[in-house]
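Here's the letter readout for the chains.
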Amino acid sequence: MRKSVNRVWRRVMANKLISEMGLPKSIANIFAARNIHTAKDALSLTEFELMELLDVGLAEVTTAVSSISEISCPPYQTALSLLEQRMHNEHLAGHLPTRLKGLDAALCGGIPFGVITELVGPAGIGKTQFCLKLSLLASLPSSHGGLDGHVVYVDTESKFSSRRMIEIGVNSFPEIFQIEGMAQQMAGRILVLQPTTPTEFSECLQKIKDSLLQHHVKLLVIDSMAALVSGRDGQGQCRQHPLGWHMTFIKSLAEFSRIPVVVTNQVRSHSGDDPFHYSFQDSRQNLDFPTTFDSHLVAALGIPWAHAVSIRLVLESKSGQRFIKVAKSSMSPPVAFTFAISASGISLLHDDGIEMTGPEINAICGQGNSGLFN
């Protein structure tokens, strides 16, 4: 949205008429006589080209170009004004609280609207459980802290369980689910799509765009992204379908609809040649750590996808405990929380997170280390 506004602003200012810029009439009339009418016309030429075309001296051209540039360029902004604007936008956009106190605090309110939040981890770690809980929270009445809306749940691996979702609801919000008919009403707000091929997935995304506003959708879940774009060909060789279109389209859906978009991702084994370091991390974090972790897992879909998501939450198992790590976020340092899964879904064992450094931020611990897991 902000990028579109900036593009419109630049186009408007580029087409601003020189005759309306308050330049001395003598030079303004010369520009008009030579069919140079807009800021874009004038600034597309070098000063020497303008001297030759207008038949005036360098001093006059330099003064005119300076005035045109100053008037047509967007006004500068201070760091303070940018911070205030961001806080205002985040306030308008909002968050979907996860009801995990420590995680919500780290994310400044919960899962943010208008961007992609990724859950990545090995099979059975709790990604789908997390998605089911978020779906309930988005569909809860606003009087109980929910978004009072519908949810589109794209289930590419047939893992969605209505029974489990109702179980989480009954144990997490007994005061709501004890109301007669409430369980059916909540379940009726969650639309489940189950594409089985990349083509069906693409068609689903097109349909979702049309229905987001019509059906008061407040959350989009894709569980999982890697399941459809990764697979094997007829000879049993690993192959990956092109991801660029889907990545761009899902980002545009998030920005267009201003709702939280949650996508799960699988993991794969980490080879010695794979980079652990992403360009969005400080390279100094690697100085005191080894460059390879052959026994660890890494997120599937590669670095381009890693840059497409705004929030990356890594779920892993280590030393008999489960952790959820904020591996990527513009509003939180890398921090980890221990969690457990019960009848009421995911819950944190401690609200105080553990700050993390180095490549362990993106290293994913889990049982098994070959191929794709989920």
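Preceding this paragraph is the structure being described.
Parameters and conventions
- Residues numbered from 1 in each chain as written.
- Predicted model: local features only at pLDDT ≥ 70, side-chain atom pairs only at ≥ 80, totals over all residues.
- Heavy atoms only, no water.
- Helix = DSSP H or I, 4+ residues; strand = E, 2+ residues; numbered from the N terminus.
- Buried < 20%, exposed > 50% of the residue type's maximum accessible area, 1.4 Å probe, protein only.
- Contact = heavy atoms within 4.5 Å.
- Areas by Shrake-Rupley, 256 points an atom, 1.4 Å probe, with all protein chains shown as cover.
- Axes fitted to C-alpha atoms, helices over the stretch in contact; angles between N-to-C directions.
- Parallel < 35°, antiparallel > 145°, perpendicular 65-115°, else oblique.
- Left-handed = near helix turned anticlockwise from the far one by under 90°.
- Nonpolar A, V, L, I, M, F, W, Y, C, P; charged D, E, K, R; others polar.
- Core = buried A, V, L, I, M, F, W, Y, C linked by side-chain atoms within 4.5 Å.
- Salt bridge = Lys/Arg side-chain N within 4 Å of Asp/Glu carboxyl O.

Things to note about the overall build of the protein
On a plain count of helices and strands, the protein comes out with 15 helices and 17 strands. The burial tally for the protein puts 44% of its 374 residues in the buried class. By sequence separation, contacts in the protein at least 24 residues apart represent 68% of the contacts at least 6 residues apart. A total accessible area of about 19,000 Å² is found for the protein, and carbon and sulfur atoms account for 54% of it.

Looking at the environment of K40
Topologically, K40 is positioned in helix α3 (residues 39-43). The spatial distance from the C-alpha of K40 to the C-alpha of I18 is 9.6 Å, given a sequence separation of 22 residues.

Brief notes about the packing of helix α12 (residues 198-211) against helix α14 (residues 244-257)
The N-to-C vectors of α12 and α14 enclose an angle of 20 degrees; their axes lie 11 Å apart at closest approach. On the basis of their axis angle, the class for α12 and α14 is roughly parallel. Crossing of α12 over α14 shows left-handed handedness. Together, P198, F201, S202, L205, Q206, I208 and K209 of α12 and W245, H246, F249, I250 and L253 of α14 make up the contact between the two elements. Residues that form the contact of α12 with α14 fall into these classes: eight nonpolar, three polar and one charged.

Here we look at the nonpolar core
Counting 43 residues, the largest nonpolar core has L96, L103, F130, L134, L219, L313 and I324 as its most contacted members. In terms of residue count, the dominant contributor to this core is helix α8 (residues 127-139) (seven residues). Sequence-distant contacts of F130, defined by excluding residues within four places in its chain, comprise T98, L100, L103, L119, L313, I324 and I346. In terms of nonpolar packing, the next biggest core, distinct from the first, is built from 28 residues, I116, I222, A226 and L301 among them.

Remarks on the pattern of salt bridges
Any two side chains of opposite charge can pair, so long as their charged atoms come close to each other. All told, the structure shown has four salt bridges when counted by the stated rule. The partner of R189 in a salt bridge is D148, and the shortest N-O contact between them spans 2.9 Å. Separated by 41 residues along the polypeptide, R189 in the loop between α11 (182-188) and β5 (190-193) and D148 in the loop between α8 and β4 (150-155) bring together distant segments of the chain. For R164, the salt bridge identified is with E167, shortest N-O distance 3.0 Å. A residue pair is termed a helical-turn pair when its members lie 3 or 4 positions apart in one helix, as R164 and E167 do in helix α9 (residues 162-172) at three residues.

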